[in-house]
Amino acid sequence: MFTLSEEQLAVRDAARSFAQQELRPGVVDRDREMQHPTELVKKMGQLGFMGMTTDPAWEGGGMDFLSYVLALEEIAAVDASAAVIMSVNNSLVCWGLQKYGSEELKEKYLRKLAPGHWIGAFCLSEPEAGSDATHQRTTATPQGDSYLLNGTKNWITNGATSDVHLVIAQSDPAKAHRGINAFVVESSWPGVEIGSKEDKMGIRSSDTTSITYTNVKVPKENLLGTDGLGFRLAMETLAGGRIGIAAQALGIAKGAYERSLAYAKQREAFGKPIAKHQAIGFKLADMVTEIEAARLLVYQAAQLKDHGHDYQLAGSMAKRYAADIAMKHTTEAVQIHGGYGYVREYEVERMMRDAKITQIYEGTSEIQQLVIARNIIKGQLYPPVLI
Ligand code: CAA
């Protein structure tokens, strides 16, 4: 049972009206033209959507994770690209900095990132290290008061528009993943080169690039946490990030369902609205049921995080299920719309393209299965709050 508080409902309503009134008007054109929603992202910062769970001491919203998930769902229901920009800044960059950053790093970076004055990117994936994330080839070699950063990161969300990168790199190959570190790197530093924007299937108005670091001098004080903690930090950060992506997938599915229901009630065939034909009514019934099931998993994972419980298993379950039903039901949404579903104007074809990435980034569906399997085999109880 989720009884949302007045504050949580207010956050959800604010996100819903921002999404409907501000994001919706240009969403089709931005997708077609791969146009970044720069001004809208600034506005999201002003409205407090870019550092929602960050402590107010660092200009964040100080909200719970469930509120963040509610806002993300509403934004993704209209514009999945804006949702991923928001998600990476909130749950990967601000969260990682708040948890592991020194006071100096928080003062210097979090204070700008949480209100959205600056945007962050999370740089873990590499051309040859995607799912197999421990095999980092980017190196950060200690040299006097600095580390020398060399290597290439791939598929970086906010790659072209970020001011700050949270970079994972290998400092001591002999120690394998225990030699990996995490750093805060500024995009304007000498040796940072941003690749061209990927021409993607979906989430086309968010920018995804490679980033190459050549002899970038990173001051030692920009190390996050202690030496050798980088891989753990990345995994812990991603465990929360995955709840965010689950909320994005949930939002995409919800958006597709709402449009499908409205369309099926007004479109007539064989003398009655198509919603009243069993073939379509049953599709809508399955959509709403599975979306509700996904919602419960996503909200529960968020609540476990809020209550200080282990949320890795719950987050992976939520992401795996929400991403899969997003893909399934956006495809059904296109089918319900028939020929109209196949053209941009009706938006569901974009949602189908957008849904696909939720099965891939922040850990593929198969990586979520691996995390779930490992957790249950080692005896992790699910869900810890109920058992
Ligand atoms: N919290 C803390 N530590 C964790 C952890 C967690 N949730 N999960 C794993 N670890 C630790 C382990 O304890 C272990 O440390 P020790 O050996 O010191 O005990 C270490 O990490 C290595 O773990 P494994 O032995 O399980 O490593 P593995 O190689 O067998 O598997 C994996 C790891 C789960 C497959 C991991 O590599 C993984 O999650 N891969 C997917 C990567 C991913 O999600 N990439 C997304 C890119 S970011 C992105 O998409 C952002 C964007 O722009 C949208």
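This write-up is about the structure you can find in this document. (Residues numbered from 1 in each chain as written. Predicted model: local features only at pLDDT ≥ 70, side-chain atom pairs only at ≥ 80, totals over all residues. Heavy atoms only, no water.)

## What about the pattern of salt bridges?
Stated precisely, the cut-off is as follows: Salt-bridge detection follows one rule: a side-chain nitrogen of Lys or Arg within 4 Å of a carboxyl oxygen of Asp or Glu. Helix and strand labels come from DSSP, where a helix needs a run of H or I of at least four residues and a strand needs a run of E of at least two; each type is numbered from the N terminus. Burial classes follow relative accessibility: with a 1.4 Å probe on protein chains only, a residue under 20% of its type's maximum area counts as buried, one over 50% as exposed, and anything between as partly exposed.
Going through the model one piece at a time under the given rule, you end up with 30 salt bridges. Note that Asp13 and Arg12 form a salt bridge whose closest N and O atoms lie 3.8 Å from each other. Of the charged contacts in the structure, one is a salt bridge between Glu73 and Arg295, with a shortest N-O distance of 2.8 Å. Remark: Arg295 occurs in helix H8 (residues 278-306) and Glu73 occurs in helix H4 (residues 65-78); sequence separation between them is 222 residues. Owing to a relative accessible area of 16%, Arg295 belongs among the buried residues under this scheme. Linked by salt bridges that have partners in common, Arg24, Arg259, Glu347, Arg350 and Asp354 make up one network.

## Description of the environment of Ala323
Quick note on the threshold: Note on contacts: a residue pair is in contact if any heavy atoms of the two residues lie within 4.5 Å.
Within the secondary structure layout, Ala323 lies in helix H9 (residues 312-337). C-alpha separation for the pair Ala323 and Ile357, spaced 34 residues apart in sequence, amounts to 8.4 Å. Residue contacts for Ala323: discarding those within four places in its chain leaves Ala249, Ala318, Thr358 and Gln359.

## Observations regarding the nonpolar core
The test is simple: Buried Ala, Val, Leu, Ile, Met, Phe, Trp, Tyr and Cys residues that are joined via side-chain atoms within 4.5 Å together make up what is termed a nonpolar core.
The biggest cluster of nonpolar side chains holds 114 residues, and the ones touching the most others in it are Ile75, Met86 and Val185. No other element matches helix H7 (residues 230-266), which puts 17 residues into this core. The residues contacting Val185, other than those within four sequence positions of it, are Leu149, Asp163, Val164, His165, Val167, Val192, Tyr213, Val216 and Val218.

## Considering the site of the ligand
Worth spelling out the cut-off: Nearness here has a simple test: a residue counts as near a molecule or strand if at least one of its heavy atoms is within 4 Å of that partner. Residues adjacent in sequence count toward polar contacts only when both atoms are side-chain atoms; beyond that, a polar contact is any pair of N or O atoms within 3.5 Å, and within protein one must be able to donate a hydrogen and the other to accept it. Where accessible areas are quoted, they stem from the Shrake-Rupley method and a 1.4 Å probe; at the residue level, only the protein chains shown are allowed to cover. When residues are grouped by polarity, Ala, Val, Leu, Ile, Met, Phe, Trp, Tyr, Cys and Pro land in nonpolar, Asp, Glu, Lys and Arg in charged, and all others, Gly among them, in polar.
Of all residues adjacent to the ligand, which total 25 residues, the nearest are Ser131, Thr157, His177, Arg242 and Arg374. In the environment of the ligand, a nitrogen atom lies 3.0 Å from a nitrogen or oxygen atom belonging to the side chain of Gln312. Gly363 has a polar backbone atom sitting 3.0 Å from an oxygen atom of the ligand. Out of a free accessible area of 1,100 Å², the ligand has 75% covered by protein chains. Breaking the shell around the ligand down by element, the ones donating at least two residues are helix H5 (80-100), H7 and helix H11 (365-377). The residue makeup of the shell around the ligand, split by class, is eleven nonpolar, eight polar and six charged.

## With respect to the packing of H5 against helix H6 (residues 103-113)
Operational definition: Axis angles are defined between N-to-C directions and span 0 to 180 degrees, where every axis is a line fitted to C-alpha atoms and, for a helix, only to the segment in contact. What sets the label is the angle itself: under 35 degrees gives roughly parallel, over 145 gives roughly antiparallel, 65 to 115 gives roughly perpendicular, and the rest give oblique. Crossing chirality is assigned from the near helix's rotation relative to the far helix, an anticlockwise turn below a right angle marking it left-handed and a clockwise turn marking it right-handed.
Taken N-terminus to C-terminus, the directions of H5 and H6 make an angle of 160°; their axes are 10 Å apart at the nearest point. It follows that H5 is roughly antiparallel to H6 by the angle criterion. For the crossing formed where H5 meets H6, the hand is left-handed. Counted together, Asn89, Val93, Cys94, Leu97 and Gln98 of H5 and Leu105, Lys106, Tyr109, Leu110 and Leu113 of H6 form the full contact between these two elements.

## Some thoughts on H4
Here is the rule: In a helix, the anticipated span is given by 1.5 Å times the number of residues less one.
For H4, which comprises 14 residues, the first-to-last C-alpha distance of 21 Å matches the rise-based estimate of 20 Å (1.5 Å per residue) to within 8%. Within H4, 14 of the 14 residues are buried, which leaves it mostly tucked inside the rest of the structure.

## Notes on the packing of H7 against H8
Contact geometry of H7 with H8 gives a least axis separation of 9 Å together with a crossing angle of 155°. By the angle class used here, H7 and H8 are roughly antiparallel. Judged by the sense of rotation from one axis to the other, the crossing of H7 with H8 is left-handed. Contacts between H7 and H8 involve Gly240, Ile243, Ala246, Ala247, Leu250, Ala253, Lys254, Ala256, Tyr257, Ser260, Leu261 and Ala264 from the first element and Ile280, Leu284, Met287, Val288, Ile291, Ala294, Arg295, Val298, Tyr299, Ala301, Ala302 and Lys305 from the second. Residue composition of the contact of H7 with H8, by class: 19 nonpolar, two polar and three charged.

## Brief notes about helix H3 (residues 38-46)
Rules: Regarding the arc, it is the one traced by the directions from the helix axis to the C-beta atoms.
Every buried residue of H3 is accounted for by Leu40, Val41, Met44 and Gly45. Down the axis of H3, the buried set is contained in an arc of 150°. They therefore lie on one face. Of the exposed residues in H3, the ones pointing more than 90 degrees away from its buried face are Glu39 and Gln46. Structurally, H3 contributes buried residues whose contacts are with helix H1 (6-23), helix H2 (27-33), H4 and H5. Gly48 occupies a position one or two residues after H3 and carries a positive phi of about 90°.

## Describing empty space enclosed by the protein
Quick note on the threshold: As defined here, a cavity is a set of points on a 1 Å grid over the protein atoms alone where a 1.4 Å probe fits but cannot get out. A pocket is an open set with protein on both sides within 12 Å along at least five of seven lines, and residues line them when an atom is within 4 Å of a point. Grid points are joined across faces, edges and corners, and a volume is the space filled by probe spheres set on the points.
Counted according to the given criterion, the structure contains one cavity of 30 Å³ or more. Along the walls of the largest cavity sit Val27, Arg30, Asp31, Asp79, Ser81, Ile203, Arg204, Ser205, Arg350 and Asp354, which together make up its complete lining. Looking at the lining of the largest cavity, the elements with two or more residues in it are H2 and helix H10 (348-357). With three residues, the single largest contributor to the lining of the largest cavity is H2. Of the residues contributing to the lining of the largest cavity, the split by class is two nonpolar, two polar and six charged.

On their own, these measurements won't tell you what the molecule is for.
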